[in-house]
Amino acid sequence: LSHHLAHAYSVCAQAPFDTGMVVVMDGMGETYRVMKKAVEMGDETYVSDFTLCNDNDDDDGGEIEIVPRNLEELAAKSYYDWREAESVYTFCKDESGLKVKPIFKRFTQENSPPTLYNHGFENMDSLGALYSRASSHIFGDWNACGKAMGLAPWQDHAWDSEKEGEMKQRIIPEMIDTPIVEGTLYKDGDLKINRMSMKGMPFISRVDSDMFDDEGNMIRTKRYDFDDNDYKGPTEEKDGSEKKSSESGPTTVSEKQLPTRVALDAIGLAARMQTDLETVGMDFVKHFKEQTGETNLCLAGGVALNSVLNGRLCRELGFENAFVPPYPGDDGVAVGCCAYGLFGGQAGEEKTAPKLWNEPLSPYLGPLPTLAEMTEAVAWAEPWLDVEIIKDEKRRIDILVEEISSGGVVAIYNGRSEMGPRALGHRSILADPREKGLVRFINEFV
């Protein structure tokens, strides 16, 4: 099953409504040549959007809108392939089964050798790949997009520097003026991408002079802890003398933590990328809502993990219902393949075809540990644990609540694990988010 089609089946098969539009926005999907060749060769073991369009003999036709329009010509000339970037589908569930119809697909060229790490993903021009490029620039991790999303709102914050002996200064992050991405995804040649705002900046994750003292030792407290006003650093040097507060080390007293220059740059880049994602993504979904007339929205693909964008799509575009599974990223592809095997293609024609799902699947689809496995794990770590077995559920909950309210950190391990990156109570770490020291402790030690 091709990548975006698997994403589409993963969400529409379990959507709590019978008709709707599926929008898949991803970093990269299947290659154009593989999809095209499968149809040309009549390969019945592989199914893609092109297969569905080729099999569609309805009166409304089976054409899918492709961008770029001359993709076949471009792909014939290009050394590297083209990959799925953004796709749109409509679906309908009734007595005859589940029908998925491809509406639109934009492909993006592989701009570097696919043999590179992750297929040269960060050099592609999909919305997901561009966001991941910003994530890599800030955190040194292409998959830390959630952190970039969380960093972006600090663009609207300001800090007052009140250091003794210095004039009071107002510290405000600077938004990057030029959009990284602008235009429309559905008009051929209209999307404009400007990577210079990233190429013109140092790699924030690697070139950060504020993170090192005069001896070259890393100071972990000096990076993004600018909202932690209650942190107290070491009070003594190794020789027993009092440690002085300075720009190159932790503070000795409770002192306002101000953002470093590199943190301000990171905020500016994150805010620029998030703003562009919302602007282009909102326009894209709005266009196809008007074109299809659908009132129910399903989202899948890695970009659907951006809850800020999801919220705006749901609130501002007038959809009656919206559904995003807890695993919209590539982990959900397994669910999509399963759904297609049950309900797609010829499955609906069989007399023993299974009943369609009429509600979302449980997110708890991971492994279920046995009592023996848990006992063995506890025994291995027993030298570092105080073990108490509490069978009364109310008492367990009371202990958890008391621990959290008193400033502790609690880990929940319960039943089958969640599928996807969301912590939904079966594999969760809980603490009071108002305690900034706990945020630091969890990030560094848990």
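A few points on the structure. As the structure is a prediction and not an experimental result, all values here were calculated from the model. Within every chain, residues take consecutive numbers counted from 1 along the sequence as written. It should be noted that, the model being predicted, local features are given only for residues of pLDDT at least 70 and side-chain atom pairs only at 80 or more, the latter also being counted only at that level, while totals for whole chains, interfaces and linings use all residues. By convention in this description, side-chain values take in all heavy atoms of the structure and omit both hydrogens and water.

### Concerning the overall build of the protein chain
Thinking step 1. The number of helices and strands found in the protein chain is 13 helices and twelve strands.
Thinking step 2. A burial count over the protein chain gives 46% of its 446 residues as buried.
Thinking step 3. Any two residues whose heavy atoms approach within 4.5 Å at even a single point are treated as in contact. If you take every contact in the protein chain between residues at least 6 apart in sequence, the share linking residues at least 24 apart comes to 67%.
Thinking step 4. Of the roughly 24,500 Å² that the protein chain leaves accessible, carbon and sulfur atoms contribute 51%. Numbering of helices and strands runs from the N terminus; a helix is a DSSP stretch of H or I covering at least four residues, while a strand is a stretch of E covering at least two. Whether a residue is buried, partly exposed or exposed follows from its accessible area with a 1.4 Å probe, protein chains only, as a fraction of its type maximum: under 20%, in between, or over 50%, in that order. Each accessible area is a Shrake-Rupley result for a 1.4 Å probe, and residues are judged covered by the shown protein chains and nothing else.

### Points about the pairing of strand β9 (residues 296–300)
Thinking step 1. Counting buried residues in β9 gives five out of five residues, a clear majority hidden from the surface.
Thinking step 2. The alternating pattern of β9 places Asn-296, Cys-298 and Ala-300 on one face and Leu-297 and Leu-299 on the opposite face, and all of these are buried.
Thinking step 3. Two strands form a pair only when DSSP identifies at least two bridges running between them. As judged from the four bridges shared by strand β1 (residues 19–25) and β9, these two strands associate in the parallel manner. Residue pairing in the sheet places Val-23 in a bridge with Leu-299 of β9.
Thinking step 4. Both β9 and strand β10 (residues 321–323) contribute to a ladder of three bridges, which runs parallel.

### Brief notes about the pairing of strand β3 (residues 82–94)
Thinking step 1. With respect to burial, β3 is a largely interior element, eleven of its 13 residues being buried.
Thinking step 2. Direction of pairing for β1 relative to β3: antiparallel, over a ladder of seven bridges. Counterpart to Val-24 in the pairing with β3 is Ser-87.
Thinking step 3. As paired elements, β3 and strand β4 (residues 97–109) share twelve bridges and run antiparallel to each other. Looking at the pairing, Tyr-89 lines up with Pro-102 of β4.
Thinking step 4. The antiparallel pairing of β3 with β4 creates a hairpin that spans two residues between the two strands.

### Some points on unusual backbone geometry
Thinking step 1. A cis amide bond links Val-67 with the next residue in sequence, Pro-68, at an omega value of 5°.
Thinking step 2. Mapped onto the elements of the fold, Pro-68 is located in the loop between β2 (65–67) and α4 (71–77).

### Some points on the pattern of salt bridges
Thinking step 1. Salt bridge, as used here: a side-chain nitrogen of Lys or Arg that lies within 4 Å of a carboxyl oxygen of Asp or Glu. Taken as a whole and assessed by the stated rule, the structure comprises 17 salt bridges.
Thinking step 2. Of the charged contacts in the structure, one is a salt bridge between Lys-36 and Glu-72, with a shortest N-O distance of 3.7 Å. With Lys-36 in helix α2 (residues 32–40) and Glu-72 in helix α4, this residue pair connects regions lying 36 residues apart in the sequence.
Thinking step 3. When its relative accessible area of 22% is taken as the criterion, Lys-36 is described as partly exposed.

### Regarding the packing of aromatic side chains
Thinking step 1. Between rings of Phe, Tyr and Trp, where Trp is taken as its six-membered ring, a pair exists when centres lie within 6.5 Å; planes separated by under 30 degrees are stacked, by over 60 edge-to-face, and by other angles tilted. Counting across every chain of the model gives 15 aromatic pairs.
Thinking step 2. Here Phe-121 and Trp-142 contribute two aromatic rings whose centre-to-centre distance is 5.3 Å and whose plane-to-plane angle is 75°, an arrangement assigned as edge-to-face. With Phe-121 in the loop between β4 and α5 (127–139) and Trp-142 in the loop between α5 and α6 (145–151), this pair connects stretches of sequence that are 21 residues apart.
Thinking step 3. Phe-121 sits in the buried class, given a relative accessible area of 6%.
Thinking step 4. An aromatic cluster of at least three residues, connected via ring pairs, comprises Phe-104, Tyr-186, Phe-284 and Phe-288.
Thinking step 5. A ring has a charge above it when a Lys NZ or an Arg CZ is no more than 6 Å from the ring centre and no more than 35 degrees off the ring normal. Over the face of the ring belonging to Tyr-413 we find Arg-427, whose NZ or CZ atom lies 3.8 Å from the ring centre.

### A closer look at the side chain of Ser-48
Thinking step 1. Along the chain, the position of Ser-48 falls in the loop between α2 and α3 (49–55).
Thinking step 2. Judged by its relative accessible area of 0%, Ser-48 falls in the buried class.
Thinking step 3. Setting aside anything within four residues of it in sequence, one finds Ser-48 in contact with Ser-2, Leu-5 and Met-35.

### Digging into the state of the cysteines
Thinking step 1. When two cysteine sulfur atoms lie within 2.5 Å, the pair is treated as a disulfide. Scanning all chains against the criterion turns up zero disulfides.
Thinking step 2. In this model Cys-338 remains outside any disulfide bridge; the closest cysteine sulfur is found in Cys-337, 8.8 Å from its own.
Thinking step 3. Residue classification places Cys-338 among the partly exposed positions, given a relative accessible area of 40%.

### Comments concerning helix α9 (residues 307–316)
Thinking step 1. Among the residues of α9, Leu-309, Asn-310, Gly-311 and Leu-313 are the ones counted as buried.
Thinking step 2. Against β1, α8 (261–292) and β9 lie the buried residues of α9.
Thinking step 3. Count one or two residues on from α9 and you reach Gly-318, which has phi positive near 80°.

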